[in-house]
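Per-entry structural report
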Amino acid sequence: MKKDVKANTKEKRPNLFVRIGHKFKEIFSELKRVSWPSFSKVLKATGAVLLVVSIFTVLFAGINSGLQALWTLLVRSTQPR
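What you see is a predicted model; the values in this text were computed from it and never measured. (Residues numbered from 1 in each chain as written. Predicted model: local features only at pLDDT ≥ 70, side-chain atom pairs only at ≥ 80, totals over all residues. Heavy atoms only, no water.)

**With respect to helix 2 (residues 16–33)**
Across its 18 residues, helix 2 extends 26 Å between first and last C-alpha, which sits within 8% of the 26 Å expected from 1.5 Å per residue. Two or three places before Phe17, at the opening of helix 2, Asn15 has a side-chain oxygen 3.3 Å from that residue's backbone nitrogen. (Helix = DSSP H or I, 4+ residues; strand = E, 2+ residues; numbered from the N terminus. Expected span 1.5 Å × (residues − 1). Polar contact = N/O pair within 3.5 Å; in protein donor to acceptor, adjacent residues only side chain to side chain.)

Laid out in structure tokens, this is it:
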């Protein structure tokens with residue numbers, strides 16, 4: 001008897017395109033309820049992200065060049081003269 005119930009529920013299930021359409025309707029209705037930030041807040045947040053990325057880029061570039069200079073000194077000191 002359980003097989004009959006499962007077969008009936010599968011038959012009542014809408015096709016793939018109808019389900020995708022329902023999903024898109026749900027997505028758009030949810031996006032309408034989102035409180036979007038103002039343009040000035042977006043600019044401030046973007047500026048903060050760019051500033052942090054720039055600081056870390058300079059920091060890591062400095063560390064990289066320092067380690068490269070140290071490596072060069074180590075390699076030169078171990079070479080036979």
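Picking up where we left off.
**Let's talk about the packing of aromatic side chains**
A complete count under the given rule lists 2 aromatic pairs for this structure. Ring geometry for Phe24 versus Phe28: centroids 6.4 Å apart, planes at 25°, classification stacked. You can see Phe24 and its partner Phe28 sitting in helix 2, 4 residues apart, about one turn around the helix. Overall, the relative accessible area of 46% leaves Phe24 in the partly exposed class. Judged by its relative accessible area of 51%, Phe28 falls in the exposed class. Consider the rings of Phe56 and Phe60, whose centres lie 5.9 Å apart with planes at 35°: the pair is tilted. With a gap of 4 residues between them, Phe56 and Phe60 both fall in helix 3 (residues 39–78), about one helical turn apart. For Phe56, a relative accessible area of 43% corresponds to the partly exposed category. (Phe/Tyr/Trp six-rings, centres within 6.5 Å; stacked < 30°, edge-to-face > 60°. Buried < 20%, exposed > 50% of the residue type's maximum accessible area, 1.4 Å probe, protein only.)

**Some points on the pattern of salt bridges**
What the rule picks out here adds up to 2 salt bridges. Residues Lys23 and Glu26 are paired through a salt bridge, measuring 3.6 Å at the closest nitrogen-oxygen approach. Linking Lys23 with Glu26, this pair stays in helix 2, spanning 3 residues, or about one helical turn. With its nearest N and O atoms 3.6 Å apart, the salt bridge here joins Arg33 to Glu30. In this pair, Arg33 and Glu30 both sit in helix 2, 3 residues apart, roughly one turn of the helix. Exposure remark for Arg33: the relative accessible area of 61% places this residue in the exposed category. When its relative accessible area of 44% is taken as the criterion, Glu30 is described as partly exposed. (Salt bridge = Lys/Arg side-chain N within 4 Å of Asp/Glu carboxyl O.)

Keep in mind these numbers describe shape, not what the thing actually does.
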